[in-house]
Amino acid sequence: PTELLALQEEFQHHQQKVDEYNTLMELVEGKDDPIKYNTIQRNLEKEVFDIRDTNEIKKKYKDVKSGYDRLHRLATNQGEPAGFAEPKVNGLWKIAMEADFNEDELESLRQELGHYERRLEKLRFLKNEIRLVDER
């Protein structure tokens with residue numbers, strides 16, 4: 001019972017994050033409305049987002065997405081995602097796990113392998129773009 005209550009509380013907190021994200025998106029979508037931005041707001045009921053910071057939207061989205069992924073793992077009793085998506089990187093990670101590294105070294109290797117995986121994905125994307133350009 002206490003686990004279910006904790007999970008319910010986590011879902012409610014996640015819903016608040018989703019609501020904040022949706023509010024931010026409504027502000028961005030309605031930015032052409034001059035009345036919203038030419039008025040003086042004396043009583044602020046909600047947190048006002050700085051719309052000029054485009055990274056805030058990305059940050060809120062990633063926060064909502066990672067929160068959802070974490071809740072999904074909690075609700076389905078799944079652990080953290082195992083390994084990496086790229087087979088080459090996943091193989092290197094398995095070798096590192098079997099080697100004699102301490103926790104700090106493993107964490108550092110995991111981060112570097114994450115960077116390497118993103119570079120491989122970028123390389124694959126660019127190769128596909130070149131192939132599409134050549135086909136035209």
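Anything mentioned here points back to the structure above.
Right, let's walk through the structure included here.

Reading the values: the criteria
Residue indices begin from 1 for each chain and proceed along its sequence in written order. Only residues with pLDDT of at least 70 are given local features in this predicted model, and only at 80 or more are side-chain atom pairs given and counted; all residues enter the totals for whole chains, interfaces and linings. For the side-chain quantities, the full set of heavy atoms in the structure was used; hydrogens and water were omitted. Put simply, a nonpolar core is a bunch of buried Ala, Val, Leu, Ile, Met, Phe, Trp, Tyr and Cys residues held in one set by side-chain atoms that sit within 4.5 Å of each other. Three labels apply to residues, based on accessible area from a 1.4 Å probe with only protein chains included: buried if under 20% of the type maximum, exposed if over 50%, partly exposed otherwise in between. The way it works is that DSSP assigns letters per residue, a run of H or I at least four long becomes a helix, a run of E at least two long becomes a strand, and they are numbered from the N terminus. When checking whether two residues touch, look at their non-hydrogen atoms; a contact exists if any pair is within 4.5 Å. To estimate how far a helix should extend, the number of its residues minus one is multiplied by 1.5 Å. Here a polar contact means two N or O atoms within 3.5 Å. Within protein one must be a hydrogen donor candidate and the other an acceptor candidate, and residues neighboring in sequence count only if both atoms are side-chain atoms. Exposure above 30% relative accessible area and no salt bridge define the residues that can form patches, which grow by joining like charges within 9 Å and nonpolar side chains of Val, Leu, Ile, Met, Phe, Trp and Tyr within 5 Å. For accessible areas, the Shrake-Rupley method is used with a probe of radius 1.4 Å. Any residue's cover is judged against the shown protein chains and nothing else. Take a side-chain nitrogen of Lys or Arg and a carboxyl oxygen of Asp or Glu: if they are within 4 Å of each other, that pair is a salt bridge. None of His or the chain ends enter the tally, which takes Lys and Arg as positive and Asp and Glu as negative. Note on charges: their place is set at NZ of Lys, CZ of Arg, CG of Asp or CD of Glu. Whether two aromatic rings pair depends on their centres lying within 6.5 Å, for rings of Phe, Tyr and Trp, where Trp uses its six-membered ring; planes under 30 degrees apart make the pair stacked, over 60 edge-to-face, and the rest tilted.

A word on the nonpolar core. Inside soluble globular proteins, nonpolar side chains tend to come together where they are buried. Phe84, Val89, Trp93, Ala96, Leu106, Leu113 and Leu120 together form the largest nonpolar core, which totals seven residues. Elements represented by at least two residues in this core include exactly α4 (87-98) and α5 (103-135). Ignoring any residue separated from it by four or fewer positions in sequence, one finds Trp93 in contact with Gly83, Phe84, Leu106, Leu109, Arg110 and Leu113.

Under the 1.5 Å per step criterion, the end-to-end length of α5 is 48 Å for 33 residues, consistent within 8% with the ideal 48 Å. Buried-residue contacts for α5 involve α4. If you check the start of α5, you find a side-chain oxygen 3.1 Å away from the backbone N of Asp104, and it comes from Asn102.

Another aspect to go through is a negative patch on the surface. On the surface, Asp100, Glu103, Asp104 and Glu105 cluster together to form a negatively charged patch. Its location among the elements puts Asp104 in helix α5. On the basis of relative accessibility, which here comes to 64%, the residue Asp104 falls in the exposed class.

Moving on, we get to the packing of aromatic side chains. Counted under the stated rule, the structure contains two aromatic pairs. Where Tyr21 meets Tyr61, the ring centres are 6.0 Å apart and the plane angle is 50°; that geometry is what we call tilted. Residue Tyr21 is located in helix α1 (residues 2-29), and its partner Tyr61 is located in helix α3 (residues 54-75); the two are separated by 40 residues in the primary sequence. You can call Tyr21 buried: its relative accessible area is 17%. Look at Tyr61 and you get partly exposed, because its relative accessible area is 45%. Arranged with centres 5.9 Å apart and planes meeting at 85°, the rings of Phe84 and Trp93 form a pair that is edge-to-face. The pair Phe84 / Trp93 is uniform in exposure class, with both members buried.

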